[in-house]
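Examining the three-dimensional arrangement
Chain by chain, the residues run as shown.
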Amino acid sequence: VDTLNRPVPGTVSITRTLKEKLRRRLISDYRQAEKRLLMLDYDGSLVPFSEDYRQAEPPKALLDLLETLSAEPSNDVVLISGRSSEDLEKWFGQLPINLVAEHGASLKKASGKTWQTIEKADTRWKRAIQPIFEKYTELTPGARLETKPHSLVWHYRSASPYYASKYAVIIKRLVQPLLKSYGLELLQGNKALEIKNSRIGKGVAAQRWLKHHYDFILAIGDDATDEDLFGVLPVSSSAVKSYSLKVGRGRTLADYRLPSSKEVIALLKKLH
């Protein structure tokens with residue numbers, strides 16, 4: 001019998017590609033379940049990365065898919081993203097889904113109209129760190145600094161690879177002494193560096209749903225912030241069928257792997 005054995009947090013096991021047999025089992029488990037939780041990352045998971053992070057609006061087909069999934073009474077759909085609440089509200093605010101912004105800093109329930117802060121974090125650290133980011137944004141043609149309420153992100157997808165890699169190393173070295181004193185963590189994203197309060201995380205945010213009973217859980221993500229989510233999911237059992245999917249390459253705690261957002265969308269379409 002093919003069982004799921006989630007590794008102990010902090011360890012990494014070999015993650016298998018979600019091939020056809022496993023895909024069919026996941027779909028079958030989904031269809032047999034009475035109460036389901038779908039926790040989905042956005043950038044790199046539901047859509048491919050955009051050269052300019054500001055131009056990554058969801059296509060209508062994705063909005064329609066999320067609306068269809070959320071219309072199923074048995075489903076709780078949670079879009080749990082690094083995006084700001086402003087972006088998520090603009091793009092998904094009209095859908096009856098749960099939105100979690102900035103990797104878990106704030107959320108808006110599917111049934112609610114207002115955003116609430118999950119972790120009230122001190123952001124005075126920005127005064128010390130933002131000037132460093134601004135300096136190297138100016139020195140790196142094509143790089144952009146995104147300022148969110150609870151975090152800073154240095155995007156270098158559109159920058160010259162030479163300058164991007166050179167200055168990314170320098171930025172990491174300069175901010176390192178400040179991280180511990182302010183209780184921060186530096187995340188290496190997909191061609192992005194992000195600094196946020198270490199108490200903010202997708203795993204903490206997910207607990208608001210995981211404390212309830214579901215007999216099917218699916219979590220999908222593509223980068224380091226999603227490992228926090230994968231690590232808190234229950235191990236699959238007779239009581240709950242739990243699946244975690246890593247999108248793309250890289251070390252992961254996820255059970256299975258899909259190569260790209262295209263395959264993620266294809267899988268989600270088969271669930272309804």
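Heads up: these notes are all about the structure in this document.

Parameters at a glance
Residues numbered from 1 in each chain as written. Predicted model: local features only at pLDDT ≥ 70, side-chain atom pairs only at ≥ 80, totals over all residues. Heavy atoms only, no water. Pairing = 2+ DSSP bridges. Helix = DSSP H or I, 4+ residues; strand = E, 2+ residues; numbered from the N terminus. Axes fitted to C-alpha atoms, helices over the stretch in contact; angles between N-to-C directions. Contact = heavy atoms within 4.5 Å. 1 Å grid on protein atoms, 1.4 Å probe; cavity = no way out; pocket = protein on both sides within 12 Å on 5 of 7 lines; lining within 4 Å. Points joined across faces, edges and corners; volume = space filled by probe spheres on them. Nonpolar A, V, L, I, M, F, W, Y, C, P; charged D, E, K, R; others polar. Polar contact = N/O pair within 3.5 Å; in protein donor to acceptor, adjacent residues only side chain to side chain.

Regarding the sheet that holds strand E9 (residues 184-189)
- An order of E7-E8-E10-E9 is seen for the 4 strands of this open sheet, with the pairing classed as antiparallel. The sheet terminates laterally at strand E7 (144-148) and E9, the two strands that pair on one side only. Mean inter-strand twist for the sheet, computed between neighbouring axes without regard to direction, equals 15°.
- Both E9 and strand E10 (residues 192-197) contribute to a ladder of 6 bridges, which runs antiparallel. In the strand pairing of E10, Leu184 is matched with Asn197.
- Contacting E7, strand E8 (151-155), E9 and E10, helix H4 (residues 126-139) crosses the sheet at an angle of about 10° to E8.

Examining the layout of surface pockets
- By volume, the largest pocket amounts to about 180 Å³.
- Lining the largest pocket are Gly44, Phe49, Gln188, Gly189, Asn190, Asp222, Asp223, Ala224, Lys246, Val247, Gly248 and Arg249.
- Put simply, the parts of the chain that give the lining of the largest pocket at least two residues each are E9 and strand E12 (241-247).
- In terms of residue class, the lining of the largest pocket is made up of 3 nonpolar, 5 polar and 4 charged.
- For the second largest pocket, the calculated volume is near 150 Å³.
- Forming the walls of the second largest pocket are Tyr53, Arg54, Arg83, Ser84, Glu86, Asp87, Lys90, Trp91, Glu146, Thr147, Lys148 and Pro149.
- Going through the elements one at a time, helix H3 (85-92) and E7 are the ones with two or more residues in the lining of the second largest pocket.
- At 4 residues, the largest contribution of residues to the lining of the second largest pocket is made by H3.

With respect to the side chain of Ser45
- One can find Ser45 in the loop between strand E2 (36-40) and helix H2 (60-71).
- At 3.4 Å, the side chain of Ser45 forms a polar contact with the backbone nitrogen of Asp222.
- Not counting the four nearest positions on each side in its chain, Ser45 is found in contact with Ile220, Gly221, Asp222, Val247, Ser261 and Val264.

Note that all results are geometric; they support no functional claim without further evidence.
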